[in-house]
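Coordinate inspection notes
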Amino acid sequence: MRIGIAGITGRVGRLLVEEVLAAGATVAGGLTRSPGQAAGLPADIPLFTSMSALAEQCEVVIDFTHADTLVSSARSLVGTGVAWVLGTTGLSAPQNQMLRDAAGNMTIVHAANFSPGVTLVRRLAQMMGRALPADSYDAEIVEMHHRQKVDAPSGTALAIGQAVALGRGVALEDVRESGRDGLTGPRKSGAIGFAALRGGQIVGEHDVLFISADEQITLSHRAFDRRIFATGAVRAALWTKGQEAGLYSMEDVLGLPPL
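Residues numbered from 1 in each chain as written. Predicted model: local features only at pLDDT ≥ 70, side-chain atom pairs only at ≥ 80, totals over all residues. Heavy atoms only, no water.

Let's talk about the packing of aromatic side chains
Under the convention used in this document: Stacked, edge-to-face and tilted labels apply to pairs of Phe, Tyr and Trp rings (six-membered ring for Trp) whose centres lie within 6.5 Å, assigned for plane angles under 30 degrees, over 60, and everything in between, in that order. Under the DSSP-based scheme used, a helix requires at least four consecutive residues in state H or I and a strand at least two consecutive residues in state E, with every element numbered from the N terminus. Categorising residues by exposure relies on relative accessible area from a 1.4 Å probe, with only protein chains included: less than 20% of the type maximum marks a residue as buried, more than 50% marks it as exposed, and the intermediate range marks it as partly exposed. Our definition puts a charge over a ring when NZ of Lys or CZ of Arg is within 6 Å of the ring centre and also within 35 degrees of the ring normal.
Overall, the coordinates contain two aromatic pairs when judged by the stated rule. Judged by centre distance (5.7 Å) and plane angle (55 degrees), the ring pair of Phe 64 and Phe 114 falls under tilted. Separated by 50 residues along the polypeptide, Phe 64 in the loop between strand E4 (60–63) and helix H3 (70–77) and Phe 114 in the loop between strand E6 (107–110) and helix H5 (116–131) bring together distant segments of the chain. Note on Phe 64: relative accessible area 28%, which makes it partly exposed. Between Trp 239 and Tyr 248 the ring centres are 5.0 Å apart and the planes differ by 80 degrees, which places this aromatic pair in the edge-to-face class. Cation over ring: Arg 176 sits above Phe 194, and NZ or CZ is 5.7 Å from the ring centre.

In C-alpha cells:
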C-alpha cells in the first residue's frame, strides 16, 4: 500500500515513516513546510509542499498536522480516491461539519488518539456514563502532558468527555467544567470536569473518574512512547483499503460493535 505522510518532518511524522516501513507498506511521499528539516529521513522519499501533489502519489494520507490546514487538505483530497487518516484535534463545529461532508465522497478515519488502549477507555467511559446516573456519580477527567503542549484540555481528554456525555445523552458543551479557580461554588450536578497538568516530557496520561458518595471507579491510560500513536495510525491506514466512503473511527478499525 502506498501511504503518504503529512507533517513528515515532525516527531510523529518520523515515527510514521518507521511504522509504515515496518508494516511492509511504502512511504509514497511526505508533506512538509520545511524540506530543509528532512535530515535523517530515507533519501528516496519524495517531499512535497502541497497536499494535491502528495495525493497523486499515494492511496492514503496520514495527517497529524494543524487544524488550520483542514479545509485546504480536504479540498485537495476529495474526489481523488485517496483515503484520509486524520489525527488532528481542536476542530471547530464548522470544521467537523466539513469533515462529515467530505466523508460523503471519500474514506476518512478521524481519531483524537490512535492508541487502541485509549479507544477502549473511550468505549468503557461511554458505557459507564450510560450506566452510572449523573446525579449520583460525578465524572472528572484528569490529563497530564509534556510542558511543550499548547492546548488544554487535550484532544484525547475532550474525546473521553464526549464519550461520557454520549453515554449520558447530553451535549458536552452544556455540562463541561474546566480549570476551576477561586470561589466556584459547589460542584454542579451532572457536570463533566476537566483538569490539565503540564510538566517534563510526559507523553500522555489520562484518568477518568466516576465518584459517588459510596465508591470511586477510575479508568487510567498511560502512554510511554509516541510510537503507539504512529502504530495505530498505520493500522488505520491499512484498514482503509477497500472501505466505502464514510467517516470512521478507531472503534471501526478495531472492529468494535456499535453500542
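That shown, we press on.
Observations concerning the sheet that holds strand E7 (residues 138–145)
Quick note on the threshold: Between any two strands, at least two bridges found by DSSP are needed for them to pair. Only the contacting stretch of a helix is used when fitting its axis, a line to C-alpha atoms as for every element, and angles between N-to-C directions run 0 to 180 degrees.
Here five strands make up an open sheet; going across it, the order is E8-E9-E7-E10-E11 and the pairing mixed. The open sheet has two edge strands with one neighbour each: strand E8 (176–178) and strand E11 (216–223). The mean inter-strand angle of the sheet, taken between neighbouring strand axes irrespective of direction, is 15 degrees. The pairing of E7 with strand E9 (residues 192–198) spans seven bridges and is classified as parallel. Along E9, the bridge assignment pairs His 145 with Arg 198.

These results come straight from atomic positions and should not be treated as a statement about function.
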